[in-house]
Amino acid sequence: MNVMNYATRDVVTLPPSASIDTAISLMEERNIHHVVVTTGNRVVGMVSDRDILISTGWMLSIERKTRNRGEGKAKVVGPTQVHEIMSRSVVCLTIAHTARDAALLMLDRKISAVPVLNQDRLDGLITETDLLKWPPLSEVEADRLLAQKVGDLMRVNVLSVTPDAPLADVIHLFRTRRIRHAPVVQQGKLVGIVSDRDVRRALGWAGVREMQAECEGRIFEAESPQTAGEVMHVDVRTVGMSIVLRDALRLMLDERIHSLPVVETQCLKGIVTETDFLRAFARKALL
């Protein structure tokens with residue numbers, strides 16, 4: 001199946017000179033995680049919500065202004081334009097590629113959105129979620145796969161952390177193991193989940209507040225988050241091992257959840273993620 005059968009043609013784009021405030025507003029309004037940066041409909045970069053979180057803590061420019069001190073004018077700390085934080089080396093596909101090509105590329109590069117070009121000009125954007133909504137499989141293959149139990153697909157060797165794990169250790173885990181979520185476990189029981197977005201937001205916020213204090217000639221008084229327990233989400237959606245994959249995937253798509261811990265009697269048994277589904281679809285498509 002051609003990649004453009006899955007891709008979104010109404011792609012949200014911004015020029016490099018656009019403000020980060022505009023990118024935040026667009027992402028919130030359209031409920032998206034990526035904006036393609038273009039010049040004359042040619043892709044020159046990508047900016048993600050992760051880029052914005054780590055650089056600004058998802059704060060608008062007005063929130064990042066310093067206080068007026070005497071004759072000095074207030075200024076915005078941190079980056080203000082998209083080109084300052086965008087990724088410039090953008091991996092792209094062309095309209096000649098297939099949905100399977102897109103799935104394999106995302107799995108290989110650990111990315112979740114890829115622009116699609118038509119003669120070097122932007123024609124669409126395909127995301128991991130696009131492929132999960134309409135698996136690149138025959139209807140029979142998709143039905144057979146999604147009728148299996150969560151326990152058949154989940155990863156049992158779960159990389160988890162404890163509530164008192166230092167954020168530095170969590171960041172190291174994300175970077176070295178190339179994961180985006182870590183269940184938070186205490187005495188074998190699931191008590192929360194932390195994502196790289198949670199960590200980036202916390203570090204970005206602390207960085208901005210520290211820069212503001214430095215510019216204003218004062219000591220940064222607020223306490224920065226130091227542990228996983230301080231940034232984790234405690235209201236975690238979970239599934240049991242006997243739930244069919246179709247229902248788990250529907251839950252993830254409906255509620256825009258990227259990972260689901262698998263729990264039995266409050267104990268963590270495994271985890272299933274969007275990437276696990278994408279890998280299963282790609283593997284079936286290769287058979």
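Each remark here, short or long, concerns the structure printed above.
Residues numbered from 1 in each chain as written. Predicted model: local features only at pLDDT ≥ 70, side-chain atom pairs only at ≥ 80, totals over all residues. Heavy atoms only, no water.

A. Molecular detail of the overall build of the protein. Regarding its fold elements, the protein presents 11 helices and 10 strands. Rg of the C-alpha trace for the protein: 21 Å, near the compact-globule value of 19 Å for 287 residues, within the 12% margin. Expressed along its principal axes, the backbone C-alpha trace of the protein runs to roughly 70 × 55 × 30 Å. The 287 residues of the protein split such that 46% are buried. Long-range pairs, those at least 24 residues apart, make up 64% of the contacts in the protein with a sequence separation of at least 6. Of the accessible surface of the protein, which amounts to about 15,000 Å², a share of 47% is contributed by carbon and sulfur atoms. The centroid of the 37 positive side-chain charges in the protein is displaced by 3 Å from the centroid of its 36 negative side-chain charges. (Helix = DSSP H or I, 4+ residues; strand = E, 2+ residues; numbered from the N terminus. Rg over C-alpha atoms; globule rule 2.2 N^0.38 Å. Buried < 20%, exposed > 50% of the residue type's maximum accessible area, 1.4 Å probe, protein only. Contact = heavy atoms within 4.5 Å. Areas by Shrake-Rupley, 256 points an atom, 1.4 Å probe, with all protein chains shown as cover. Lys, Arg positive; Asp, Glu negative; His and termini not counted. Charge placed at Lys NZ, Arg CZ, Asp CG, Glu CD.)

B. Here's a closer look at the pairing of strand S8 (residues 189-195). Taking burial as the measure, the seven residues of S8 include five buried ones, the bulk of the element. Here strand S7 (residues 181-186) runs beside S8; their pairing, made up of six bridges, is antiparallel. Bridge pairing in S8 places Ala-182 opposite Val-194. If you look at the hairpin formed by S7 and S8, you'll find two residues sitting between the two strands, and Gln-187 has a positive phi there, around 55 degrees. (Pairing = 2+ DSSP bridges.)

C. Focus on helix H2 (residues 49-56). The element H2 is extensively covered by neighbouring structure, given that seven of its eight residues are classed as buried. Among all positions in H2, only Asp-49, Arg-50, Asp-51, Ile-52, Leu-53, Ser-55 and Thr-56 are buried. Against helix H1 (20-30), strand S3 (42-48) and helix H8 (196-215) lie the buried residues of H2. After H2 finishes, the residue Gly-57 shows a positive phi value of roughly 65 degrees.

D. Seen up close, the side chain of Ser-259. Along the polypeptide, Ser-259 turns up in strand S9 (residues 259-264). Residues contacting Ser-259, with those up to four places away along its chain left out, are His-181, Ile-193, Met-252, Ile-271, Val-272 and Thr-273.

E. Fine view of the sheet that holds strand S6 (residues 121-127). Reading across the sheet, the three strands line up as S4-S5-S6 and stay open at both edges, with mixed pairing between neighbours. Whereas interior strands pair on both sides, the edge strands pair on one side only; in this sheet they are strand S4 (93-94) and S6.

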